[in-house]
Amino acid sequence: MAPSFSEIIEEARLSARALIDYGEQLFNPTVRLGVTGLSRAGKTVFITALVHGLTRGGRFPVFEALATGRIARAHLEPQPDDAVPRFAYESHVRTLIEERRWPDSTVDISELRLVVDYQRHNGADRTLTLDIVDYPGEWLLDLPLLGKSYEQWASESLKLSRDEPRAHLATEWHAHLATLKAEAREDEQATLTAAKLFTNYLRACRDERFAMSLLPPGRFLLPGNLAGSPALTFAPLDVPADSRAPEGSLWAMMVRRYEAYKDVVVRPFFRDHFARLDRQIVLVDALAAFNSGPDALRDLEAALAGILDCFRVGRGSFLSSLFRPRIDRILFAATKADHLHHASHDRLEAVLRRAVSDAVARAEQTGAQIDVVALAAVRATREATVAKGRDKLPSILGTPAAGETANGKAFDGATEVATFPGDLPADPEAMFNGADSFQGLASAAGDRSDFRFLRFRPPQLEHNGDGEPVLPHIRLDRALQFLIGDRLQ
Ligand SMILES: Nc1nc2c(ncn2[C@@H]2O[C@H](COP(=O)(O)OP(=O)(O)O)[C@@H](O)[C@H]2O)c(=O)[nH]1
Ligand SMILES: [Mg+2]
């Protein structure tokens, strides 16, 4: 298929951008690090802890450049992109350390520039600029839409919504859909209602009990300044994947708006942000999926495959002729590992490795190096062994956030408790054996589910001397070593 006019323009813009970036790179070695993950995965906390650790000299034994003292200084500088909000680092640190609260949730892209002065192994002084870009994983899951027609997207979305537990959540939207005739005249009110019910369905899927991950179009849940615009007012119709809309029909109206969504939302994101990344970390809240149940874990697996496919977007498509994505390292990180006893950290890593294994095998042909880690950017717990009868249970100690409940008891946000969150199996395969592999909240009452993770408050830090205390973490240094260690040789 010959490229369309808009695709040719797109290529020209991309190559102009690549040239500018290349010029800068010559004078000023820069790594653009993308930090993504679905909402609540832990992006804000990860970036805050990473920057805090680098600028304040955190305890990072596995991050070689810092551990061996080759990093002289790291400091923040104004970011290069004027149209992107700055990551609110200082206020997030204050919230975490002084108020012992987690930072408020953010739903937009933001950016921060960190400049690292270091000494090469051969003794020469150098500077590495690290541009950290925080963007919602929901936006990433939109990239495959670039290669799909409205009809393909609609029939895939419908098919997905007809399986349980989604079908259950889609009842109202499906009922409305059954009243629509795709070939009928275009109708703004019907479209508005369809879009509203479809969005409600997407939102219900994100509910904690279900924790479904695979929900494009991402901007329906995070509309930002596009809320209410036509580009966000469409929904799937029940139309064959390989057919075309009659002119003036409801169907044609949906097609037009779907294409507008791609033009207004997806392409600019690809061009201005995604295509310029050098390194990428994808944060995954696997524990939320364990909490919910096997369906959520299966969904997460599909979403991860979708995300990995995004890193191939542009390589096998029209975009690859002029522009080659630069991402050469991708790290998948299971976050909040401090909710598990350390005996389970390797197991958490193994489950994530298993969840991305198929997709990794495909993505490796692209030449990007891929790794998996289980980490806690901020460790909110300590460990203890609690005797229960004759058993000794490996437990974790932490202060549950006010309002969290366990066994009918509500916590006040000030009391420390020991909990046994559940054990991960030695064989990760056991988590993927279908609907009965484990019990989650989606199908079982709270006291019968296999895992129950409480939300803990950030840790109480010990101030000694006048320096600001360092934040405890789990394997954050390993993540850093993989992501930028080679650029600090
Ligand atoms: N215990 C613990 N909780 C975390 C950690 N990182 C994130 N969280 C929890 O996850 C929530 C969402 O994190 P956030 O960074 O705001 O996610 P984002 O939406 O991806 O930016 C926080 O409010 C915390 O409750 C961590 O390292 N340890
Ligand atoms: Mg955030």
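No experiment lies behind these values; they were computed from the predicted model shown.

A.B. asks: Explain the side chain of Gln 79 to me, please; I cannot follow it from the model alone.
C.D. replies: For Gln 79, the position within the fold is in the loop between β2 (71–77) and α4 (89–97). Looking at Gln 79, its side chain comes within polar contact range of the main-chain oxygen of Val 84, at 2.7 Å. Each residue touching Gln 79, except ones within four places of it in the same chain, is listed here: Val 84, Pro 85, Arg 86, Glu 111 and Arg 113.

A.B. asks: I keep staring at the sheet that holds strand β5 (residues 279–284) and nothing clicks. Help me out?
C.D. replies: Paired through their backbone hydrogen bonds, the strands of a sheet run either parallel or antiparallel. In space, the seven strands of this open sheet follow the order β2-β3-β4-β1-β5-β6-β7, with mixed pairing throughout. This sheet does not close on itself; its edge strands, each paired only once, are β2 and β7 (369–374). Each strand of the sheet is rotated relative to its neighbour by a mean of 20 degrees, with strand direction disregarded. In the sheet, strand β6 (residues 329–334) pairs with β7 via six bridges, with the strands oriented parallel. Paired with Ile 330 across the strands is Ile 370, a residue of β7.

A.B. asks: Help me understand the pattern of salt bridges in this model?
C.D. replies: For side chains of opposite charge, pairing can occur when their charged atoms come near one another. Scanning the entire structure with this criterion turns up 33 salt bridges. Its salt-bridge partner being Arg 70, residue Glu 64 comes within 2.7 Å of it at the nearest N-O pair. A salt bridge links Glu 429 to Arg 354; the nearest nitrogen and oxygen atoms lie 3.0 Å apart. Remark: Arg 354 occurs in helix α13 (residues 345–363) and Glu 429 occurs in the loop between β12 (417–419) and α14 (476–484); sequence separation between them is 75 residues. On the basis of relative accessible area, Glu 429 is assigned to the partly exposed category, the value being 34%. A cluster of three or more residues bridged by salt bridges with shared partners is formed by Arg 32, Asp 81, Glu 111, Arg 113, Asp 131 and Arg 276.

A.B. asks: Just checking my understanding: could you explain the environment of Ala 418 for this structure?
C.D. replies: Here Ala 418 is to be found in strand β12. Along the backbone, Ala 418 and Pro 400 are 18 residues apart, and their C-alpha atoms lie at a distance of 9.9 Å.

A.B. asks: I keep staring at the sheet that holds strand β9 (residues 391–398) and nothing clicks. Help me out?
C.D. replies: Spatial ordering of the open sheet is given by β8-β9-β12, a layout of three strands whose pairing is antiparallel. Looking along the sheet, the strands with just one partner apiece sit at the ends: β8 (382–388) and β12. For this sheet the average axis-to-axis angle between neighbouring strands, irrespective of direction, equals 45 degrees. Strand direction decides the pairing type here: β8 and β9, joined by seven bridges, are antiparallel. Among the inter-strand pairings, Thr 385 is bridged to a residue of β9, identified as Pro 394.

A.B. asks: Looking at this structure, how should I read the packing of helix α2 (residues 43–56) against α4?
C.D. replies: If you want to describe how two helices pack, look at the angle between their axes and the distance between the axes. At a minimum axis distance of 10 Å, the contact between α2 and α4 shows a crossing angle of 95 degrees. Between α2 and α4, the interaxial angle falls into the category roughly perpendicular. Only Tyr 89, His 92, Val 93, Leu 96 and Ile 97 of α4 make contact with α2, whose side of the interface consists of Thr 44, Thr 48, Val 51, His 52 and Thr 55. Here the contact of α2 with α4 is built from residues that sort into five nonpolar, five polar and no charged.

A.B. asks: Would you mind going over the pairing of strand β4 (residues 125–134) with me for this structure?
C.D. replies: Here is the key point about a regular strand: its side chains alternate between the two faces of the sheet. Of all ten residues in β4, seven are buried; the element is thus mostly enclosed. Examined bridge by bridge, strand β1 (residues 30–37) and β4 share six bridges and lie parallel to one another. Among the inter-strand pairings, Leu 33 is bridged to a residue of β4, identified as Ile 132. Relative to β4, strand β3 (residues 110–119) runs antiparallel, the two being bridged by ten bridges. Within the sheet, the bridge partner assigned to Asp 117 lies in β4 and is Thr 127. Linkage of β3 to β4, two consecutive antiparallel strands, is achieved through a turn of five residues, within which Gly 123 is found at a positive phi near 100 degrees.

A.B. asks: Could you clarify how one ought to interpret the packing of aromatic side chains in this entry?
C.D. replies: The geometry of an aromatic ring pair is captured by the separation of the ring centres together with the interplanar angle, meaning the angle of the planes. This structure, assessed with the given rule, holds 18 aromatic pairs. Aromatic side chains Trp 139 and Phe 269 sit 5.7 Å apart centroid to centroid with 85 degrees between the ring planes, which places their arrangement in the edge-to-face category. Residue Trp 139 is found in helix α5 (residues 137–140), and its partner Phe 269 is found in helix α10 (residues 250–272); the two are separated by 130 residues along the sequence. Per residue, the accessibility class of Trp 139 equals that of Phe 269, and both read buried. Taken together, the aromatic side chains of Tyr 150, Trp 153, Trp 173, Phe 198, Tyr 201, Phe 220, Phe 234, Tyr 258 and Tyr 261 make up a single cluster linked through ring pairs. Above the plane of the ring of Trp 139 lies Arg 219, whose end atom (NZ or CZ) is 3.7 Å from the centre. Above the plane of the ring of Phe 432 lies Arg 354, whose end atom (NZ or CZ) is 4.2 Å from the centre.

A.B. asks: I tried to follow helix α12 (residues 294–310) on my own but got confused; where do I start?
C.D. replies: Since there are 3.6 residues in each turn of an α-helix, residues three or four apart along the chain are aligned in direction. Taking 1.5 Å as the rise per residue, α12 with 17 residues should run 24 Å; its terminal C-alpha atoms sit 25 Å apart, in good agreement. Taken across its 17 residues, α12 has 13 buried, putting it largely inside the fold.

A.B. asks: Help me understand α2 in this model?
C.D. replies: The end-to-end C-alpha distance of α2, which contains 14 residues, comes to 20 Å, matching closely the 20 Å that a straight helix rising 1.5 Å per residue would cover. Taken together, the buried positions of α2 are Lys 43, Thr 44, Val 45, Phe 46, Ile 47, Thr 48, Ala 49, Leu 50, Val 51, His 52, Gly 53 and Leu 54. Immediately beyond the C-terminal end of α2, within one or two residues, lies Gly 57, with a positive phi of roughly 70 degrees.

Here is what the cut-offs are and how they apply
- Residues numbered from 1 in each chain as written.
- Chains lettered and ligands numbered in written order.
- Predicted model: local features only at pLDDT ≥ 70, side-chain atom pairs only at ≥ 80, totals over all residues.
- Heavy atoms only, no water.
- Helix = DSSP H or I, 4+ residues; strand = E, 2+ residues; numbered from the N terminus.
- Polar contact = N/O pair within 3.5 Å; in protein donor to acceptor, adjacent residues only side chain to side chain.
- Contact = heavy atoms within 4.5 Å.
- Pairing = 2+ DSSP bridges.
- Axes fitted to C-alpha atoms, helices over the stretch in contact; angles between N-to-C directions.
- Salt bridge = Lys/Arg side-chain N within 4 Å of Asp/Glu carboxyl O.
- Buried < 20%, exposed > 50% of the residue type's maximum accessible area, 1.4 Å probe, protein only.
- Parallel < 35°, antiparallel > 145°, perpendicular 65-115°, else oblique.
- Nonpolar A, V, L, I, M, F, W, Y, C, P; charged D, E, K, R; others polar.
- Phe/Tyr/Trp six-rings, centres within 6.5 Å; stacked < 30°, edge-to-face > 60°.
- Lys NZ or Arg CZ within 6 Å of the ring centre and 35° of its normal.
- Expected span 1.5 Å × (residues − 1).

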